[in-house]
Amino acid sequence: MANFFTDNPDLKFHLEHPLMKKIVALKERNFADKDKFDYAPMDFEDAMDSYDKVLEIVGEICGDVVAPNAESVDQEGPKIVNNEVVYAKGTQENLDALVKAGLMGITLPRQYDGLNFPIVPYIMAADIVSRADAGFVNIWGLQDCAETINEFADDDQKERFLTRVSHGETMAMDLTEPDAGSDLQAVQLKAELKDGKWVLNGVKRFITNGDGHIALVLARSEEGTNDGRGLSMFIYDRNHKSVIVRRLENKMGIKGSPTCELVFKDAPAELVGNRKMGLIKYVMALMNGARLGIGAQSVGVCEAAYREALEYAKEREQFGKPIIQFPAVYEMLATMKAKLDAGRTLLYETSRYVDIYKTYMHISEERKLEPEERKEMKRYQKLADFFTPLLKGMTSEYSNQLAYDAVQIHGGSGFMKDYPVERIYRDARITSIYEGTTQLQVVAAIRGVTTGGYLDRIREFEMMELKPELHALRRTLIGMTDEYERVVKAVVGVKDLEYVDYQARRMVEMAGNIVMGYLLLHDTQRNDKFKTSAEIFIARGKADNHAKAGFIFNSSIDDLGFYKPDLADA
């Protein structure tokens, strides 16, 4: 099989972004670990060589083990045996291969036996794994939950739990409940102190890898409360065997990933950080990491869908020639590639923002930041906050679109289980639902529209140096930006929050089209291979934005009445 890293030069292109020098220097504290750990890099080149080698191992395992197992895992799925989740045979083989290669705890500090990698190469590994099997990344990728322990737990908890993750134990985040899905303020799982120790009682539902070794659990610690201020974060260790796995959900897709309903019965737990901060602070950090991960999963699904569609279109003949020669098909494929490239460049741009602000945050716990460093940390945190929901919303929708188009290019064959696109299509559907639906991502992203956050960044993109042959594309984007600015002014000018919410998705997607257009332009500045995708994406983005602007300019607040349900008939 192919190596899923080396067969995709776009990954190495993004790994070698100029900002990586800064990211690596910050992450490695100017390579202070080189005398403490024999596997710590000596300098920037040594660090990049390490990332390259590890990603090549990830790519090899994904090509040789994970991808070949994907179909059998989809058919077999996990099961419950003696109150424990037993993975499908192929899932366990996948996990064993990655654990044996030392690919757990990728971003964790070396003192906890981690690799101390930045977010970018970790997200790249998730991108690769997702291409091989989108369901499996939900097990392997939950190691990212360890970052929340690393950020907020005490030293003793870090030493005990993070080392276990680095050695191959899996994680889960137990947030949702039967009556608390998107509205996590409604969480009712009870945490109470008994004889000076915390115990948990209640039910959690739709928990990915719910029987993982170490779980982060959101629970109500403050009696008499009913909002987010009464919630705290806890660590539950599966070794206590105090949780019943009541059922595994029978899902449309990602069938290898166990989705559990859990019953906690006086389950011993440890408080993370401070009481009452569970939802307000810790879950927000946890969810932002998860949404970045779903962005990687979505891009990996896009990659898989595009490759399957391209290969089939080259081989399938109709009317005496391969179907890739028909305009209806090659237009679809070129558009798929443009969306894939756009989603991936947004993924790694966002990852770089997260890398810089999170590393500064960890440095601030070691020493006082210089004024310029603190200013930079706040800048990148703000960008990460704006870009993360945009990334999750846009790329998850793209994964669904590309999976749909891949099935369409396969025709009737795509509807059959003989081809991987049938599974890819089912796997893609969840990406725009879990870790916050697209609609909730819009709610999170609209602040970047109304406060001018996206516009400010777009204006910075405008000023970047470009080759003369790219100036025409920049002029198109400038025109799109002017139109976007007029739209936002018109909507905000109505001075009605419900009307802003009504138009929010259109405005967020307009901003997304411009942002990704500029990112593709800057990629083209570094490598001409992205020019076709830039031209296609910007042309289609211009048409899409113009249509959205036309709808908004022809709308008024009175239109909301057309869509509101008649409560008398409900």
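Residues numbered from 1 in each chain as written. Predicted model: local features only at pLDDT ≥ 70, side-chain atom pairs only at ≥ 80, totals over all residues. Heavy atoms only, no water.

1. With respect to the state of the cysteines
Thought 1: Using the criterion set out here, one finds zero disulfides in the structure.
Thought 2: Cysteine C62 remains unbridged, with the sulfur of C302 as its closest cysteine sulfur at 17 Å.
Thought 3: Residue C62 is classed as buried on the basis of its relative accessible area of 0%. (Disulfide = S-S within 2.5 Å. Buried < 20%, exposed > 50% of the residue type's maximum accessible area, 1.4 Å probe, protein only.)

2. A short note on the pattern of salt bridges
Thought 1: Evaluation of the coordinates by the stated rule reveals 51 salt bridges.
Thought 2: For K337, the salt bridge is made with D341, and the minimal N-O distance between the two is 2.8 Å. On the criterion of helical spacing, the pair formed by K337 and D341 is a turn pair, its members being four residues apart in helix α10 (residues 327-366).
Thought 3: On the basis of relative accessible area, K337 is assigned to the partly exposed category, the value being 21%.
Thought 4: The salt bridge involving K548 is made with E509; its shortest N-O contact spans 3.3 Å. In this pair, K548 sits in helix α17 (residues 531-553) while E509 sits in helix α16 (residues 497-526), placing the two residues 39 residues apart along the sequence.
Thought 5: Residue classification places E509 among the buried positions, given a relative accessible area of 18%. (Salt bridge = Lys/Arg side-chain N within 4 Å of Asp/Glu carboxyl O. Helix = DSSP H or I, 4+ residues; strand = E, 2+ residues; numbered from the N terminus.)

3. Examining the packing of aromatic side chains
Thought 1: For the coordinates displayed, the defined rule picks out 16 aromatic pairs.
Thought 2: Plain terms: the ring middles of F152 and Y282 are 4.7 Å apart, the flat faces sit at 45° to each other, and that makes the pair tilted. With a gap of 130 residues between them, F152 in helix α7 (residues 146-152) and Y282 in helix α9 (residues 278-315) connect regions that are remote in the sequence.
Thought 3: The ring of F326 has K321 sitting right over it, with the charged end atom 4.8 Å from the ring centre.
Thought 4: Above the ring of Y380, the side-chain terminus of R379 is found at 5.2 Å from the ring centroid. (Phe/Tyr/Trp six-rings, centres within 6.5 Å; stacked < 30°, edge-to-face > 60°. Lys NZ or Arg CZ within 6 Å of the ring centre and 35° of its normal.)

4. Side note on the pairing of strand β9 (residues 259-272)
Thought 1: In terms of strand pairing, strand β5 (residues 197-208) meets β9 through eight bridges, oriented antiparallel. Note on β9: the bridge partner recorded for V203 is V263.
Thought 2: Looking at chain direction, strand β7 (residues 231-237) and β9 are connected through three bridges and run antiparallel. When the sheet's bridge partners are listed, I235 is paired in β9 with E270. (Pairing = 2+ DSSP bridges.)

5. Overview of the environment of T335
Thought 1: Positionally, T335 belongs in helix α10.
Thought 2: Judged by relative accessible area, which is 10%, T335 ranks as buried.
Thought 3: Along the chain, T335 and F537 lie 202 residues apart, while their C-alpha atoms are 7.3 Å from each other.
Thought 4: The contacts of T335, once residues within four sequence positions are left out, are I536 and R540. (Contact = heavy atoms within 4.5 Å.)

6. A closer look at the layout of surface pockets
Thought 1: Estimates place the volume of the largest pocket at around 1300 Å³.
Thought 2: M287, I433, Y434, E435 and G436 are the residues nearest the centre of the largest pocket, which is lined by 44 residues in total.
Thought 3: Looking at the lining of the largest pocket, the elements with two or more residues in it are β5, α9, α11 (371-410), α12 (420-428) and α13 (438-450).
Thought 4: Top element by residues in the lining of the largest pocket is α9. It accounts for seven residues.
Thought 5: For the lining of the largest pocket, the residue count by class is 21 nonpolar, eleven polar and twelve charged.
Thought 6: Taken as a whole, the second largest pocket holds about 590 Å³ of empty space. (1 Å grid on protein atoms, 1.4 Å probe; cavity = no way out; pocket = protein on both sides within 12 Å on 5 of 7 lines; lining within 4 Å. Points joined across faces, edges and corners; volume = space filled by probe spheres on them. Nonpolar A, V, L, I, M, F, W, Y, C, P; charged D, E, K, R; others polar.)

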